[in-house]
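# Report on the structure
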Amino acid sequence: MSLLTVKGVSKHYNERIVALSDVSFAIEPGEFVVIIGSSGAGKSTLLRCINRIVEVTSGVVTFDGLDVGSLDKRELRKMRTKVGMIFQHYNLVNRLCVLENVLHGRLGYKSTWAGALGIYSEEEKAQALRVLRLVGLEEQVYQRCDQLSGGQKQRVGIARALLQDPKLLLCDEPISSLDPNASKVIMDYLKKINTELGITCLVNLHQVHIALAYAERIIGVKRGRVVYDGLTEHLTAETIHDIYGSEAGDLLLGSGGNHVG
Amino acid sequence: MSADYLIKKRSNTLKVLLGLGFLSLAAAFITQYDPVTGLISGLDAMRWVAANFYPNEQSLTRLPSIMNRLRETVLMSIAATTVAAFSATFFALLGAQTTKVNDALRLMSRSTAAFLRNIPAVAWAMILLFTFGQSSLTGFLALFFSTFGFLSRVFMETFDETTASSIEALTATGASYMQIIFQAVLPASLPQMISWMLYMVETNIRDATLLGILTGTGIGFSFALFYKSMNYHAASLVVIVIVVTILVIEYISNHIRRVIL
């Protein structure tokens, strides 16, 4: 059974602005899928429709056998704990330390007041330290997040998502604010999480060459529609031109064209 | 074309300046204000201040009672500000776009804050005098209402500016509203909220002095009493005490700001 199915999903912000129209695909457990498309194509909206941070206008999202659209508040929170999310701008609480930010990943599992007051069990703290070791931040545990570099902040974001013990990781432009070195580190961590922990990853990228290097399967989005869905090696230069517009396509393929089969 | 534009711009500036000059001349004519007499009487006033308005030995015996009054004023400002800040936090949470519960409550809290904010503390004191008479409760409530309105507004802006991204991240982990408020919104906003609170304590000590003349309490009452009984030496001592207090409070709050920000 697919872990995630998106069926006929559309999102209209108003009559003129259509973010998504009739998007359908399915993700199997353990897959590493990259969604590519230019800025404003609807990639971010698509990810946010999956955990219902954005409500769909029509269509059905099914995650792990649950119809996401029909869940009530409590069920939705429970479902969200199983879907980790990382962001382009990391979205950390900058004034709190690394450990506190990572522990936020447990909030969905806790009673309201224990969570609000920040009361965590020893077990949860130990788990947070384990996850921080996994992303190589054991030295920075008590450092405030506004003192970290971009790459380190994103690793805190990944650690927070992992502490949710998720089945699916949604990554919204995880490397768009990072330099090439930090980008590679982050993409390698995501790949490692996928292969070693078996967590399914759905990653938004606009950098085609990185998508070609890391993805097993690529979904191409253009103006809110899926225009390509298939294995990375079957993606042709023509399709890339179609997704990005021809001139931008030439530029993108200048650095990544050798990957195209 | 561009020369025309510059000439037009210059002639517009000239028109505005001429207009302003005409307005001030007209105002002076209507109020029969003579700048020369104004200047001379200003000098006369300075001479009078130098001759009479300084503390002498006898006025120093009044110092203990003045300090008592001062303490009353300072404590009342602090009490009004802290109580107002506490209530304003709730209203601001309801009124901020990022933390609102629903639109109806948001509108209610915004309009209440706007209404209270736009009536100055002195006007509140005059209104409240009818109900509570000349008592420190009148002064307290007057400061409370205006501070409450102002702080609600700036807290709303603080919440909106500093927390939208971390709210999204915590929503995605499955955290509940209360958990998000206590774990993301308040930790991120607290330093700025305290900074605004300190600013209001300073402002309120100034306002409280003025209000004291109206409500017959605190240091403002001391000043009015000495001034009306023509004890100018003691009145000048009151002014000096007020100035020193405000400088000290400003120094302390600047120090606190440096530490927390």
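### Things to note about the overall build of chain B
- Within chain B one finds ten helices and zero strands.
- Taken from N to C terminus, the helices and strands of chain B fall in the order α-α-α-α-α-α-α-α-α-α.
- Against the 2.2 N^0.38 benchmark of 18 Å for 261 residues, chain B shows a C-alpha radius of gyration of 25 Å, more extended than a compact globule.
- If one aligns the C-alpha atoms of chain B with their principal axes, the spans along those axes are about 70 × 70 × 40 Å.
- Looking at chain B as a whole, 38% of its 261 residues are labelled buried.
- Sequence-distant contacts, at least 24 apart, represent 76% of the contacts inside chain B between residues at least 6 apart.

### Some words on the overall build of chain A
- Looking only at helices and strands, chain A features ten helices and ten strands.
- Taken over the C-alpha atoms alone, chain A extends approximately 55 × 40 × 35 Å along its principal axes.
- Residue burial in chain A is summarised as follows: out of 261 residues, 54% are buried.
- Taking all contacts inside chain A whose residues are at least 6 apart in sequence as the whole, residues at least 24 apart take part in 69%.
- When the accessible surface of chain A is split by element, carbon and sulfur atoms take 50% of a total near 11,600 Å².
- Looking at chain A, you have 30 positive and 29 negative side-chain charges, and the mean spots of the two groups are 7 Å apart.

### Concerning the pairing of strand E6 (residues 83–86) of chain A
Residue and element names in this part refer to chain A.
- The alternating pattern of E6 places Val83 and Met85 and Gly84 and Ile86 on opposite faces, both of which are buried.
- Of the pairings in the sheet, the one linking E6 to strand E7 (residues 168–172) comprises four bridges and is parallel in character. In the sheet register, Met85 faces E7, and the bridge partner there is Leu170.

### What about a nonpolar patch on the surface?
- A surface patch of nonpolar side chains, about 820 Å² in accessible area, is lined by A:Trp113, A:Leu117, A:Ile119, B:Val101, B:Leu105, B:Met108, B:Tyr177, B:Met178 and B:Phe182.
- Those elements that provide at least two residues to the nonpolar patch are helix H5 (103–117) and helix H8 (177–215) of chain B.
- Of the residues forming the nonpolar patch, the biggest block, three residues, is contributed by H8(B).
- With respect to the helices and strands, A:Trp113 occurs in helix H4 (residues 112–116).

Basis of the calculations
- Numbering of residues starts from 1 in each chain and follows the order in which that chain's sequence is written.
- For naming, the first written chain is A and the first written ligand is 1, with later ones following in the order written.
- Note on the predicted model: pLDDT of at least 70 is required for a residue's local features to be given, and 80 or more for side-chain atom pairs to be given and counted; whole-chain, interface and lining totals, by contrast, use all residues.
- For the side-chain quantities, the full set of heavy atoms in the structure was used; hydrogens and water were omitted.
- The helix count covers DSSP runs of H or I at least four residues long, the strand count covers runs of E at least two residues long, and both are numbered beginning at the N terminus.
- With the radius of gyration taken over C-alpha atoms, the globule rule is written as 2.2 Å times the number of residues to the power 0.38.
- Each residue is assigned to one of three classes by its accessible area relative to the maximum for its type, calculated with a 1.4 Å probe on protein chains only: buried under 20%, partly exposed between the two thresholds, exposed over 50%.
- We call two residues in contact whenever any of their non-hydrogen atoms come within 4.5 Å of each other.
- The Shrake-Rupley method, run with a 1.4 Å probe, gives the accessible areas here. Residue values count only the displayed protein chains as cover.
- By the counting scheme adopted, Arg and Lys are positive, Glu and Asp are negative, and His together with the chain ends is not counted.
- Taken as the charge location is NZ of Lys, CZ of Arg, CG of Asp or CD of Glu.
- Pairing between two strands requires that DSSP report at least two bridges joining them.
- Only residues whose relative accessible area exceeds 30% and that take part in no salt bridge are eligible for patches, with like-charged residues grouped when within 9 Å of each other and nonpolar side chains (Val, Leu, Ile, Met, Phe, Trp, Tyr) grouped when within 5 Å.
- For salt bridges, the criterion is a side-chain nitrogen of Lys or Arg within 4 Å of an Asp or Glu carboxyl oxygen.

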